[in-house]
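In case you want the letters, here they are:
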Amino acid sequence: MLALSPKDIMEKQSDASVGKAEGGVLKLFILGILAGAFIAFGACGSLMASFNLTSDPATFGIGKVVMGAVFPVGLMMVVMCGAELFTGNCLMVIGALDKKIRWGQIWRNWAIVYVGNFVGSVLIAFCAKISGMWDSGGGMLGAMTVKTAIGKCGLDFWQALVMGICCNVLVCLAVWMATGSSETIGKIFAIWFCIGLFIVCGFEHSIANMYFIPAGMMAAGNDAYIGLLGLDTSSLTVFNFVVRNLLPVTIGNILGGSLFVGATYWLTYRKLK
């Protein structure tokens, strides 16, 4: 079957927003937990696959490519297994602009799903801690988990905001292209390349960071990990996690997905000739 045209994709996204807006609290929360867990699985696996490469400046770029090859499985599971992901749901603005749903229904969906995503992500971080997987590579995986979190907590507001915008442009385009395909393989490739690109570029995804930073904070409790790279963990605080990363990245994700993808396509196909 031929892929849908961009205009037809917009119609499908508009219709899909109605079901998301009318979903019950418990349903949205459970599906939000699943999505958070799926993204966290992708984040966890991408670190495992790449830590030996990203720990060495000479192979850092190759390591990012490896991360980008593994991480997209998270969004693949969200799209094809069925789950509610805050960043993808930024496309719900199309339904509001079409007057099929109210703006208040969008805020409701985002709030419930965001909390669910957080619960799912932190749950997988806790499982990673308990499993002992961070001891892999003589503890280097744990060290790189901490280093990743330190880097994210060290961003200034505008850096985090811009990288959040760029990230969710690519995430929503991945969802957009996957919507246009009726074949499983088409959805996989649509997601793989867009999400792989955002990982290679180092952009910031609020839900992925709900795994990366709590995981780093948990791993920082092991002095053996810290000593491997001589890390300074003083920036790994709840304040820095929430205020210096999660807040600006979340705002950026909303702008990137809602304004630069959803509203832009709505304007193009509804208002402009």
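All values reported here derive from a predicted model rather than from experimental measurement. (Residues numbered from 1 in each chain as written. Predicted model: local features only at pLDDT ≥ 70, side-chain atom pairs only at ≥ 80, totals over all residues. Heavy atoms only, no water.)

Asks: Is there a simple way to think about the packing of helix α3 (residues 60-70) against helix α9 (residues 184-201) in this case?
Replies: Helix-helix packing: each pair is described by the crossing angle between the helix axes and the interaxial distance. Two numbers describe how α3 lies on α9: the axes approach to 8 Å, and their chain directions differ by 145°. Between α3 and α9 the crossing geometry is right-handed. Two secondary-structure elements touch here, α3 through Lys 64, Val 65, Met 67, Gly 68 and Ala 69 and α9 through Trp 192, Gly 196, Ile 199 and Val 200. When grouped by side-chain class, the residues that make up the contact of α3 with α9 number six nonpolar, two polar and one charged. (Axes fitted to C-alpha atoms, helices over the stretch in contact; angles between N-to-C directions. Helix = DSSP H or I, 4+ residues; strand = E, 2+ residues; numbered from the N terminus. Left-handed = near helix turned anticlockwise from the far one by under 90°. Contact = heavy atoms within 4.5 Å. Nonpolar A, V, L, I, M, F, W, Y, C, P; charged D, E, K, R; others polar.)

Asks: So what exactly am I meant to see when it comes to the packing of aromatic side chains here?
Replies: What describes a pair of aromatic rings is the distance from one ring centre to the other and the angle between the planes of the rings. Using the criterion set out here, one finds 12 aromatic pairs in the structure. Three or more aromatic residues joined by ring pairs form one cluster here, namely Phe 86, Trp 103, Trp 107, Trp 110 and Tyr 114. (Phe/Tyr/Trp six-rings, centres within 6.5 Å; stacked < 30°, edge-to-face > 60°.)

Asks: Could you clarify how one ought to interpret the pattern of salt bridges in this entry?
Replies: Charged atoms that come close allow side chains of opposite charge to pair. Per the stated rule, a full pass over the model turns up five salt bridges. Residue Arg 270 is joined to Glu 11 by a salt bridge in which the shortest nitrogen-to-oxygen separation is 2.8 Å. Here Arg 270, found in helix α12 (residues 238-271), pairs with Glu 11, found in helix α1 (residues 6-22); they are 259 residues apart in sequence, far enough to count as distant. For Arg 270, a relative accessible area of 29% puts it in the partly exposed group. A relative accessible area of 27% means that Glu 11 is categorised as partly exposed. (Salt bridge = Lys/Arg side-chain N within 4 Å of Asp/Glu carboxyl O. Buried < 20%, exposed > 50% of the residue type's maximum accessible area, 1.4 Å probe, protein only.)

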